[in-house]
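Below are the chains, spelled out letter by letter.
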Amino acid sequence: MRIKDLAFPAIVMTLVLGACGGSEPPPPPAPTGPTQAETDAARADSIARVQAEEARQMEAERREEERLSAARDEARSTLEDMVHFDYDESAITAEAEQILRRKIPILRSSPTVRLRLEGHADERGSTEYNLALGSRRAESISEFLSGFGIAADRLMTTSFGEERPLVNSTDETSWAQNRRVEFSITGGEVVVSEEDGSQQ
Amino acid sequence: MKLLLSKPKGIKVLLIITMYGCFQGTSSVIAQTQDSIPGVTLGLLYESEFYPALAVHSFSGGTEASGLAREIETIIANDLRYSDRFEVMDSIPRGLVGDGIDYELWDQLGAVWLLSGSVQRQTDASGGFILNLELHDIVYGAIHEQGRFLLPSAEDADFRMAVHVASDQLIQWIYGELGMATSRIAFSRRSEDGNQELYTIDSDGENFRQITSYGDLTMSPTWSPNGEKIAYTSRKGTGLPRIYELDMATREERVLPSERNGDYITPVYNPNGREIAFSVTGGNRSGIFRYNWLRNCCLVHVSGGRWDDLSPTYSPDGKFMAFNSNRLGTPYPQIFVMPAIGGEADLVSPYIHGREGYYTSPDWAPSGDYLAFHGRVSRRGRYQILVAQISESGQRLRQLTREGNNEDPSWAPDARHLVFVGTRDWGTGLMVVDTASGKIRMLLRGFDVRVPEWSPSLRESLGVGSLPARQ
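Definitions and cut-offs
Residue numbers restart at each chain and count upward from 1, following the sequence in its written direction. The order in which chains are written sets their letters, starting at A; the order in which ligands are written sets their numbers, starting at 1. Restriction of local features to residues with pLDDT of at least 70 applies here, the model being predicted, together with a cutoff of 80 or more for giving and counting side-chain atom pairs; totals for whole chains, interfaces and linings are based on all residues. Hydrogens are left out, water is left out, and the side-chain values use all remaining heavy atoms of the structure. Strands here mean DSSP runs of E at least two residues long; helices mean DSSP runs of H or I at least four residues long; both are numbered from the N terminus. With a 1.4 Å probe rolled over the protein chains alone, any residue whose accessible area is under 20% of its type maximum counts as buried; one over 50% counts as exposed, and the rest are partly exposed. Here the open area of atoms and residues is found with the Shrake-Rupley method and a 1.4 Å probe, where only the protein chains shown may cover a residue. By definition, residues are in contact when any of their heavy atoms lie within 4.5 Å. Working convention: axes come from line fits to C-alpha atoms, limited for helices to the stretch in contact. Angles between N-to-C directions cover 0 to 180 degrees. Angles are sorted into four bins: roughly parallel if under 35 degrees, roughly antiparallel if over 145, roughly perpendicular if 65 to 115, and oblique for all others. Left-handed describes a crossing in which the near helix is turned anticlockwise from the far one by less than a right angle; the clockwise case is right-handed. Only Asp, Glu, Lys and Arg are considered charged, only Ala, Val, Leu, Ile, Met, Phe, Trp, Tyr, Cys and Pro nonpolar, and every remaining residue, Gly among them, polar. Summed over both partners, the accessible area (1.4 Å probe) lost when two parts come together is defined as the buried area. Throughout this description, a polar contact denotes any pair of N or O atoms lying within 3.5 Å of each other; where both atoms belong to protein, one of them has to be capable of donating a hydrogen while the other can accept it, and for residues adjacent in sequence the pair is counted only when both atoms sit in side chains. For two strands to be treated as a pair, DSSP must find no fewer than two bridges joining them. How far a helix is expected to stretch is found by multiplying one less than its residue total by 1.5 Å. Every residue gets a pLDDT, meaning the predictor's confidence in that residue, from 0 to 100.

I'd like to hear about the overall build of chain A, residue by residue, with values.
Counting secondary structure elements, chain A contains five helices and four strands. Across chain A, helices and strands are ordered from the amino to the carboxyl terminus as α-α-β-α-β-α-β-α-β. Looking at the 200 residues of chain A, the share that counts as buried comes to 38%. In the structure as shown, chain A presents an accessible area of about 11000 Å², 56% of it carried by carbon and sulfur atoms.

Quick one: what's the story with the overall build of chain B, residue by residue and with numbers?
Along chain B, the regular secondary structure elements total six helices and 31 strands. For chain B, buried positions account for 57% of its 471 residues. Residue pairs in contact within chain B that sit at least 24 positions apart in sequence constitute 48% of those at least 6 positions apart. For chain B, the exposed surface amounts to about 19200 Å²; the carbon and sulfur share of it is 48%.

Please provide a residue-by-residue account of the packing of helix α2 (residues 36-80) of chain A against helix α3 (residues 94-109) of chain A, values included.
All names here are of chain A. Direction vectors running N to C along α2 and α3 enclose 125°, while the axes themselves pass 9 Å from each other. Put simply, α2 runs oblique to α3. Crossing hand, α2 versus α3: left-handed. For the pair α2 and α3, contact is made by A75, T78, L79 and E80 and by R102, K103, I106 and L107, respectively.

Describe the packing of α3(A) against helix α4 (residues 127-147) of chain A, with residues and values.
All names here are of chain A. Contact pair α3 / α4: the axes reach a minimum separation of 10 Å and the direction vectors enclose 50°. Our classification of the angle between α3 and α4 gives oblique. Regarding α3 and α4, the two cross each other, and that crossing is right-handed. Here E97, L100, R101, I104 and L107 of α3 lie close against α4, whose contacting residues are I141, F144 and L145. The class makeup of the residues in the contact of α3 with α4 is six nonpolar, no polar and two charged.

Which residues make up the interface of chain B and chain A, and what are the values?
Listed per partner, the contact involves 35 residues of chain B and 26 residues of chain A. In this assembly, chain B packs against chain A so that about 2300 Å² is buried in total across both faces, 43% of it on carbon and sulfur atoms. Where chain B meets chain A, there are 19 residue pairs in polar contact (both at pLDDT 80 or more). Put simply, the parts of the chain that give the side of chain B that touches chain A at least two residues each are β10 (218-223), β14 (263-269), β18 (309-314), β22 (359-364), β23 (370-376), β26 (405-411) and β30 (449-454) of chain B. Take the side of chain B that touches chain A: its biggest share by element is three residues, from β14(B).

Explain the pairing of strand β11 (residues 229-234) of chain B to me, and be specific about the residues and the numbers.
Residues and elements named next belong to chain B. β11 sits mainly inside the fold: five of its six residues count as buried. Alignment of β10 against β11, held across four bridges, turns out to be antiparallel. The residue bridging T222 from the neighbouring strand is A231, located in β11. Linkage of β10 to β11, two consecutive antiparallel strands, is achieved through a turn of five residues, within which G227 is found at a positive phi near 75°. As paired strands, β11 and strand β12 (residues 242-247) are joined by six bridges and run antiparallel to one another. Bridging from a neighbouring strand, S234 pairs with R242 of β12.

Give a detailed account of the sheet that holds β26(B), specifying residues and quantitative values.
All names here are of chain B. Taken together, the four strands give an open sheet; going across it, the order is β26-β27-β28-β29, and neighbouring strands pair in antiparallel fashion. A single partner strand is all that each edge strand has here, and the edge strands are β26 and β29 (440-445). Across the sheet, the mean angle from the axis of one strand to that of its neighbour is 30°, orientation sign disregarded. Here β26 runs beside strand β27 (residues 417-424); their pairing, made up of five bridges, is antiparallel. Considered in β27, the bridge of S410 is made with V419.

Now, about α2(A): what can you tell me, with residues and values included?
Its 45 residues give α2(A) an end-to-end C-alpha distance of 64 Å, which sits within 8% of 66 Å, the value for a rise of 1.5 Å per residue. Among the residues of α2(A), those classed as buried are S46(A), Q57(A), L68(A), A71(A), A75(A), T78(A) and L79(A).

Can you break down the sheet that holds β18(B) residue by residue, with the values?
Residue and element names in this part refer to chain B. On the basis of which strands lie adjacent, the open sheet formed by four strands has the order β18-β19-β20-β21 and antiparallel pairing. Each edge of the open sheet is held by one strand with a lone partner, namely β18 and β21 (346-347). When strand β19 (residues 320-325) meets strand β20 (residues 334-339), the two strands line up antiparallel, connected through six bridges. The partner of A322 across the bridge, within β20, is V337.

Describe in detail the confidence of the model for chain A, supporting the description with residues and values.
Note that predicted coordinates carrying low pLDDT should not be read in detail. Looking at chain A as a whole, the pLDDT averages 84, with 80% of positions reaching at least 70. Ranking the elements of chain A by mean pLDDT puts helix α1 (residues 3-22) of chain A last, at 46, and strand β1 (residues 83-84) of chain A first, at 97.

Now the structure itself:
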């Protein structure tokens, strides 16, 4: 079930409840019935019950919205998880493949989402050649995702070469972090699929 | 070793590869040298030569231009030093050598050439000056050449450039060769925020100027053949690297239309000035393309495919193009030469199967006979500047730097000097190497600079009033 489907019954429910609480008809005059005080008390009880129910419902909605929002955030962050590469390589490592595979169900359940794949290189290598290396890395990710049926026109590649390092120091650990492809969501709506999100 | 060489008609494209074949068997000692490529000679392009002593007789400026005369004299003396063609003698006060030219005295002082000059205000209202130069041949005891040079007012942005015209004329008089004083170097510089903007600096290290302020990554500048425009790649606006052209005088800018996906990088002008070649990476098809600026038309595919062909550079006659490519299937790019319209490519960088080096960023000398590039010559992963001769005679590859890390060489208009990005213990900067003497000069120290490109001679593109007028 998608977010929009979940939201619809909740809205209907709110409207129904709202109608009950807002336009309660005045009680008919009944001389043999309860006293005016009793009637007032009963009415107050009823109003309280309705208000409590409204509050409970709103809280449930709020929690559901929070849960969905968290699931969307998680899905977004999964889509944006960057992958790293070996030195001078654009081949996808086993570790990178795991990260990429987690993106696939989200991309499938969010057909409007478009991604920008931004390739980066470490500072070794020539300035201009590293632009091409970053490009190759982004292309290799694009090809991998396309292989899983993600339309290539949803994936745009570009390269920053060595010009936008994550870490500014000259050691293997920093270089390894800088050899990467970053993902940025450039459009569309992230939709959390039933199987992918946590159970309702 | 299999070579792709097919000799194109009309040009002598050498193949250094054959040389490597020979050297492999015979010079195992060279092959063992730690900081050089097997078979590559360390050192200079030419035999060391005699550098004649040149003295400067203090320029006179009368009462109204004496300060300016001294300034002009200093500019010219420095230009002559930077030309690496003379032993420029320290200046001697007029009080010691007299106002007149005493050839015998200068001969005793060891001078071979003597330069004297005077500066006077132009008679019109332009605020400009006239510089008179006399070049004396001390050995023959006679004036060798003399000339008049029009200078704009000292406040004019082109004032120093106009003086550099005189310096280049002196090189022309003495050696019959082109100088490089009337030129600038364009490059990108990384700022604190990680962006890169374009800057220029004059050949003598003066006039450090910022050219762009786009707040994005802008790099790989290239000069139009007349020096009036630069083209470059920038991510500005669209967030995608695209090729732009900027008129340096009018500040008018235009963008090369993008007809396809992918990053547009490493532009270079065809020497005909009409076309620009560049690389496209990513997208549907990568490779080198060319585009006609004048007709605003037609992206033409030149080379490339499933590999990256990058950083093209034209031979001065526009018939050939050098570039680097990973087309051999290893992660180590090599330098190739092919016809400028595309076709079979010949390998230029030294290639030893299993011991491939990493060679990129070729730049074709304006004289046509040399290619400069940089390559990884040791296991430490550092790069050095290399120069390959592109001719049938005297096939040679020379390594010009040995210290630190050195990248992205670009030829000066004199076809003798190269500017490159040098990194030493103190940081990064622009350096100039004289390929004849091996002498290295610091041009700009301590800035995080990238991919410098030396302009052609800017003499023709200077404003009215700065052209030399011979008497």
